[in-house]
Amino acid sequence: MPKLIFINLPVADLARSAAFYEAVGAKKNPMFSDETAACMVFSDTIHAMLLTHEKWATFTDRAIPDAHKTAQVLICVSEDSKEGVDAVVDRATEAGGQADPSAKQDYGFMYGRSYADPDGHIWEIMWMDPEAAAQGPEAFASQVGGG
């Protein structure tokens, strides 16, 4: 069985957030969704668990930060092309998200944009040329400020 990733996100309005992620391209898995949580499936291995604040509090006693003002994580998901990156950010914007809260990145061999969901969680969407990825990061470090 492949390793799965479940990203848990606290959300203020579960229905709004589930609709947002469906507009971005995720599918809701009803088997793992109820009035306190929505399991949003991006791929066979990537899932986002949207949790009401009350449900979130059953997992941790840490405060929920205002993701519109602070960031604890940046979630990055790959796409198959530059056009795919733009399409995801466009869908997120049309669904009520904020386009490009982080600076757009275009290094030729790598392209990235981002969006913030209605709760302020930042998702980075990136594409990398498969040939460049096969060569490894050292081959292109000077182009991205690494050397």
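Residues numbered from 1 in each chain as written. Predicted model: local features only at pLDDT ≥ 70, side-chain atom pairs only at ≥ 80, totals over all residues. Heavy atoms only, no water.

Looking up the chain in an unreviewed UniProt entry gives the name VOC family protein, with the organism given as Brevundimonas olei.

This next bit is on the overall build of the chain. Looking only at helices and strands, the chain has four helices and nine strands in total. Secondary structure elements of the chain occur, N-terminal to C-terminal, as β-α-β-β-β-α-β-α-β-β-β-β-α. Against the 2.2 N^0.38 benchmark of 15 Å for 147 residues, the chain shows a C-alpha radius of gyration of 16 Å, consistent with a compact globule. Within the chain, buried positions represent 37% of all 147 residues. The long-range fraction of contacts in the chain, counting pairs at least 24 apart against all pairs at least 6 apart in sequence, stands at 52%. Per element, the accessible surface of the chain, about 8700 Å² overall, is 53% carbon and sulfur. (Helix = DSSP H or I, 4+ residues; strand = E, 2+ residues; numbered from the N terminus. Rg over C-alpha atoms; globule rule 2.2 N^0.38 Å. Buried < 20%, exposed > 50% of the residue type's maximum accessible area, 1.4 Å probe, protein only. Contact = heavy atoms within 4.5 Å. Areas by Shrake-Rupley, 256 points an atom, 1.4 Å probe, with all protein chains shown as cover.)

Tracing the backbone through its elements, the reader meets Glu94 in helix H3 (residues 82–94). Separated by 53 residues in sequence, Glu94 and Val41 place their C-alpha atoms 20 Å apart.

In this section: the UniProt feature "domain: VOC" (unreviewed entry) in the chain. According to UniProt, the positions carrying the feature "domain: VOC" (unreviewed entry) are residues 3–128. Split by type, residues 3–128 is 22% helix and 35% strand. Its first and last C-alpha atoms lie 22 Å apart. (UniProt positions renumbered as here; feature names shortened; annotations may be inferred.)

Let's shift gears to the packing of aromatic side chains. One pass over the full model with this rule turns up seven aromatic pairs. Seen from their ring centres, Tyr115 and Trp123 are 6.5 Å apart, and the 5° between their planes marks the pair as stacked. Side by side, Tyr115 and Trp123 carry an identical accessibility label, which is buried. Aromatic rings pair up to connect Phe20, Tyr21, Phe42, Tyr115 and Trp123 into one cluster. (Phe/Tyr/Trp six-rings, centres within 6.5 Å; stacked < 30°, edge-to-face > 60°.)

Before going further, it helps to spend a moment on unusual backbone geometry. The phi angle at Asp100 is positive, at roughly 55°, despite the residue not being glycine. With respect to the secondary-structure elements, Asp100 resides in the loop between strand E6 (98–99) and strand E7 (105–106). Take Asp100: its relative accessible area is 24%, and that puts it in the partly exposed class.

Right, let's get into the nonpolar core. Generally speaking, a soluble globular protein has its nonpolar side chains buried in company with each other. Counting residues in hydrophobic clusters, the biggest one holds 24 residues, and the most contacted among them are Leu9, Tyr21, Met40, Leu50, Tyr115, Trp123 and Ile125. With five residues, the single largest contributor to this core is helix H1 (residues 14–24). Membership of the second largest hydrophobic core comes to five residues, among which are Ala37, Cys39, Met49 and Trp56. (Core = buried A, V, L, I, M, F, W, Y, C linked by side-chain atoms within 4.5 Å.)

Let's shift gears to the pairing of strand E3 (residues 37–41). Looking along a regular strand, one sees the side chains alternate between the two faces of the sheet. Buried residues dominate E3, accounting for four of its five residues. Bridging between strand E2 (residues 27–29) and E3 involves three bridges; their strand directions are antiparallel. Note on E3: the bridge partner recorded for Asn29 is Cys39. Relative to strand E4 (residues 46–52), E3 runs antiparallel, the two being bridged by five bridges. From the neighbouring strand, Ala37 faces E4, where its bridge partner is Leu51. (Pairing = 2+ DSSP bridges.)

With that settled, the discussion passes to the pattern of salt bridges. A full pass over the atoms with the stated rule returns four salt bridges. Salt-bridge contacts for Asp119 lead to Arg16; the nearest nitrogen and oxygen are separated by 3.7 Å. Here the residue Asp119 occupies a position in the loop between strand E8 (110–116) and strand E9 (122–128), and Arg16 occupies one in helix H1, the gap between them amounting to 103 residues. In this structure Asp119 comes out as buried when scored by relative accessible area, which is 10%. Connected through shared salt-bridge partners, Asp86, Asp100 and Arg113 make up one network. (Salt bridge = Lys/Arg side-chain N within 4 Å of Asp/Glu carboxyl O.)

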